[in-house]
Amino acid sequence: MGELAPSILAADFNRLGENIRCLEKEGVRMLHIDVMDGNFVPSISFGMPVIQSIRQESSMFFDVHLMIEEPARYLQDFVQAGADGITIHAEACKDIKGTLQSLKKQPVQAAMSIKPDTPVTAIQDYLGQLDMVLVMSVEPGFGGQKLIPAALDKVARLKELREREGYSYQIEIDGGVNHSNLGLIMSSGVDIAVAGTAVFQGNIAENIKNLKEVMESAS
Ligand code: DX5
Ligand code: ZN
């Protein structure tokens, strides 16, 4: 079965610890953490101090999605703050190869993401080195948007390349995932589905149960 990674961007920050405990109680193993710099994306979210603080609360896998320009500058800081996996954006690096090399030196899983308009060919040379590829299914920057279906074609392409070349990355999708499209998403070959609004709007425990149920029946 695939993995569900709730994105805390949609959490109630006034009750962040409480929200995270609730996820753990429901058996969630991976937490998606969106870092935005107001430059690579228009919005600003949060940075190292928040991650460091929730690290003390949780033993979940921290999947840190860096939506920041030239992320090489901050890799070590995010590792120290408690990241288990770090995703950099191909579009955010002048030197993709060098940035990936720096990431690979860190004791975390290495992932690369592409925005909706970026083709898989933009990262094709690096696929063999990646633990995960994050396919953005909305323009990064905000939660609560609608999934762009063409992202699923990229998932299919990544799955095909993985089989053909013997690569081992996991495929993650992020943006607009909900109860109604999750079945289709999982059957297209996604390993990890990020969900913000669909997890945190309303009753978190019920949402997790419902989303997991859809995941189970799709696998
Ligand atoms: C968007 C973020 C997403 C976002 C997902 O830039 O990368 O992780 O929080 O939110 P929903 O699930 O509401 O689209
Ligand atoms: Zn994200």
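Before going into details, it helps to say that this report is about the structure given with it. Note that the structure is a prediction, hence the values are computed from the model and not measured.

Rules and cut-offs
- Residues numbered from 1 in each chain as written.
- Chains lettered and ligands numbered in written order.
- Predicted model: local features only at pLDDT ≥ 70, side-chain atom pairs only at ≥ 80, totals over all residues.
- Heavy atoms only, no water.
- Helix = DSSP H or I, 4+ residues; strand = E, 2+ residues; numbered from the N terminus.
- Rg over C-alpha atoms; globule rule 2.2 N^0.38 Å.
- Buried < 20%, exposed > 50% of the residue type's maximum accessible area, 1.4 Å probe, protein only.
- Areas by Shrake-Rupley, 256 points an atom, 1.4 Å probe, with all protein chains shown as cover.
- Lys, Arg positive; Asp, Glu negative; His and termini not counted.
- Charge placed at Lys NZ, Arg CZ, Asp CG, Glu CD.
- Donors = N, O, S within 2.8 Å, 3.2 Å for Na, K, Ca; no water.
- 1 Å grid on protein atoms, 1.4 Å probe; cavity = no way out; pocket = protein on both sides within 12 Å on 5 of 7 lines; lining within 4 Å.
- Points joined across faces, edges and corners; volume = space filled by probe spheres on them.
- Salt bridge = Lys/Arg side-chain N within 4 Å of Asp/Glu carboxyl O.
- Pairing = 2+ DSSP bridges.
- Right-handed = clockwise from strand over helix to strand, strands pointing away.
- Nonpolar A, V, L, I, M, F, W, Y, C, P; charged D, E, K, R; others polar.
- Near = heavy atom within 4 Å.
- Polar contact = N/O pair within 3.5 Å; in protein donor to acceptor, adjacent residues only side chain to side chain.
- Sits in = over half its atoms within 2 Å of the grid points.

A separate point is the overall build of the chain. For the chain, the count of helices and strands is 8 helices and 8 strands. Rg of the C-alpha trace for the chain: 16 Å, near the compact-globule value of 17 Å for 219 residues, within the 12% margin. Projecting the C-alpha coordinates of the chain onto the three principal axes gives extents of approximately 40 × 35 × 30 Å. Split into buried and exposed, the 219 residues of the chain put 53% on the buried side. Carbon together with sulfur atoms contributes 46% to the accessible area of the chain, which is approximately 9900 Å² in total. One way to put it: in the chain the 19 positive side-chain charges average out to a point 2 Å from where the 29 negative ones average out.

Before going further, it helps to examine the coordination of the zinc ion (ligand 2). Octahedral six-donor coordination of a metal ideally yields angles of 90 or 180 degrees, compared with 109.5 degrees for tetrahedral four-donor coordination. Taken together, His32 (NE2), Asp34 (OD), His65 (ND1) and Asp174 (OD) make up the full set of protein donors to the zinc ion (ligand 2), lying 2.0 to 2.3 Å away. Each donor residue of the zinc ion (ligand 2) lies on one chain, and together they are spaced H-x1-D-x30-H-x108-D. Here the residue histidine 32 occupies a position in strand β2 (residues 30-36), and histidine 65 occupies one in strand β3 (residues 61-67), the gap between them amounting to 33 residues. You can call histidine 32 buried: its relative accessible area is 0%. Residue histidine 65 is classed as buried on the basis of its relative accessible area, which comes to 0%.

On to the layout of surface pockets, then. Its boundaries defined by the atoms lining it, the largest pocket holds a volume of some 340 Å³. Taken together, 26 residues line the largest pocket, and the ones lying closest to its centre are Gly143, Gly144, Gly176, Gly196 and Thr197.

This part is about the pattern of salt bridges. This model, assessed by the stated rule, comprises 9 salt bridges. Residue lysine 209 pairs with glutamate 26 through a salt bridge whose shortest N-O separation is 3.4 Å. Here glutamate 26 lies in the loop between α1 (16-25) and β2 and lysine 209 lies in helix α8 (residues 204-218), a separation of 183 residues in the sequence. Lysine 209 sits in the partly exposed class, given a relative accessible area of 47%.

Another aspect to go through is the pairing of strand β8 (residues 192-195). Burial along β8 is two-sided: Ile192 and Val194 facing one way and Ala193 and Ala195 facing the other are all buried. As paired elements, strand β1 (residues 3-6) and β8 share 4 bridges and run parallel to each other. Following the sheet pairing, glutamate 3 is matched in β8 by isoleucine 192. Pairing of strand β7 (residues 170-174) with β8 involves 3 bridges; the strand directions are parallel. Within β8, the position partnered with aspartate 174 by the bridge is valine 194. Handedness of the crossover joining β7 and β8 through helix α6 (residues 182-187): right-handed.

Let's shift gears to empty space enclosed by the protein. Scanning all chains against the criterion turns up 1 cavity of 30 Å³ or more. Of the voids in this model, the largest cavity is the one considered here, and its volume is about 40 Å³. As for the largest cavity, its lining consists of Phe61, Asp63, Gly85, Ile86, Gln109, Ala110, Ala111, Asp131 and Met132. When residues of the lining of the largest cavity are traced back to their parent elements, those giving at least two are β3, β4 (85-89) and β5 (109-114). Among the elements that take part in the lining of the largest cavity, β5 stands out by supplying 3 residues, more than any other. Considered class by class, the residues forming the lining of the largest cavity number 5 nonpolar, 2 polar and 2 charged.

Taken together, 20 residues sit near ligand 1, with Asp34, Gly141, Asp174, Gly196 and Thr197 positioned nearest. In the model, an oxygen atom of ligand 1 is placed 2.8 Å from a nitrogen or oxygen of the glycine 144 main chain. In the model, an oxygen atom of ligand 1 is placed 2.8 Å from a nitrogen or oxygen of the glycine 176 main chain. Assessed atom by atom at 2 Å from the grid points, ligand 1 resides in the largest pocket. Counting residues per element, the ones that place at least two in the shell around ligand 1 are β2, β3 and β8. Considering every element that reaches the shell around ligand 1, the biggest residue donor is β2, with 3 residues. Here the residues of the shell around ligand 1 sort into 8 nonpolar, 10 polar and 2 charged.

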